[in-house]
Structures are given as structure tokens and as C-alpha cells.
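# Results of the structural survey
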Amino acid sequence: MMQQDTSAALTPEQLAMLRAELLAELKYLGPEARGGQARRIHDALERWAAGTYGRCLECRKPIPFARLEVMPETPTCIECSWSHELVRH
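Residues numbered from 1 in each chain as written. Predicted model: local features only at pLDDT ≥ 70, side-chain atom pairs only at ≥ 80, totals over all residues. Heavy atoms only, no water.

## Overview of the overall build of the protein
If you tally the helices and strands in the protein, you get 4 helices and 0 strands. In the protein, the succession of α and β elements from N to C terminus is α-α-α-α. Burial status across the protein gives 30% buried among its 89 residues. For the protein, restricting intrachain contacts to residue pairs at least 6 apart in sequence, the fraction spanning at least 24 positions comes to 48%. Accessible surface computed for the protein: about 6,100 Å², of which carbon and sulfur atoms make up 59%. (Helix = DSSP H or I, 4+ residues; strand = E, 2+ residues; numbered from the N terminus. Buried < 20%, exposed > 50% of the residue type's maximum accessible area, 1.4 Å probe, protein only. Contact = heavy atoms within 4.5 Å. Areas by Shrake-Rupley, 256 points an atom, 1.4 Å probe, with all protein chains shown as cover.)

And the structure:
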């Protein structure tokens, strides 16, 4: 089954820039990084490879570039992230 490109809200240039940022952050963390940040980056790179990077894992809507630019590893849009925070508190 062919993966559907779900990152249509992002341009190829934006995707390339965000991927480079993820790889740079992973390099900065070092090869032995195993913490939560490293796992989130690995997960984001897996979504990128699968063609699903840039879509919220909860609502499936595109994550705005401005959010990804600040947090390229984020798996959710701001609305879904806030929903999770409200439920946790």
C-alpha cells in the first residue's frame, strides 16, 4: 500500500528545512542520546520518511509551519496539544 502524502500544507523547501533542523538537533544531542527529546526527534523523522510529517497525529489536520519551525519534533497541532494539557491538569 502506497503511503499518502499528508504533509501537503508544507512546501518541499519547508520540509527540507525542518528535516535538516531535526537532524542537526539529533547530532547536537549526540549518538548516545536516549531521552524523551531524542525519541521525539526519531519519531518525527519516521513520520517524515512515511510521508506523514506535518499532520497532527490526533486530528490529522496540517500543523502550521510556524509551530513546526519552533518545535519541529511536535506530533500535534496546538489545539490538540492544549486539549491534552487541559485533560492532564
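This is not the end of the story, as more comes after the structure.
## What about the packing of helix H1 (residues 12-29) against helix H2 (residues 36-50)?
Their axes nearest at 10 Å, the elements H1 and H2 cross at an angle of 150°. In terms of orientation, H1 and H2 fall into the roughly antiparallel class. Pair H1 / H2 crosses with left-handed handedness. Contact residues: Leu15, Arg19, Leu22, Leu23, Glu25, Leu26 and Leu29 in H1; Gln37, Ala38, Ile41, His42, Ala44, Leu45 and Trp48 in H2. When its residues are assigned to classes, the contact of H1 with H2 shows 10 nonpolar, 2 polar and 2 charged. (Axes fitted to C-alpha atoms, helices over the stretch in contact; angles between N-to-C directions. Parallel < 35°, antiparallel > 145°, perpendicular 65-115°, else oblique. Left-handed = near helix turned anticlockwise from the far one by under 90°. Nonpolar A, V, L, I, M, F, W, Y, C, P; charged D, E, K, R; others polar.)

## Topic: the packing of aromatic side chains
Counted under the stated rule, the structure contains 0 aromatic pairs. For the cation-ring pair, Arg19 lies above Trp48, with the distance from its terminal atom to the ring centre recorded as 4.5 Å. (Phe/Tyr/Trp six-rings, centres within 6.5 Å; stacked < 30°, edge-to-face > 60°. Lys NZ or Arg CZ within 6 Å of the ring centre and 35° of its normal.)

## Let's talk about H1
In this model H1 runs 26 Å from its N-terminal to its C-terminal C-alpha over 18 residues, within 8% of the 26 Å that 1.5 Å per residue would give. Looking only at H1, the buried set comprises Leu15, Leu18, Leu22 and Leu26. Mapping the buried residues of H1 onto a view down its axis gives an arc of 75°, with all of them on the same face. Exposed side chains of H1 directed beyond 90 degrees from the buried face belong to Glu13, Lys27 and Tyr28. Buried positions along H1 lie against H2 and helix H3 (65-70). (Expected span 1.5 Å × (residues − 1). Arc of directions from axis to C-beta.)

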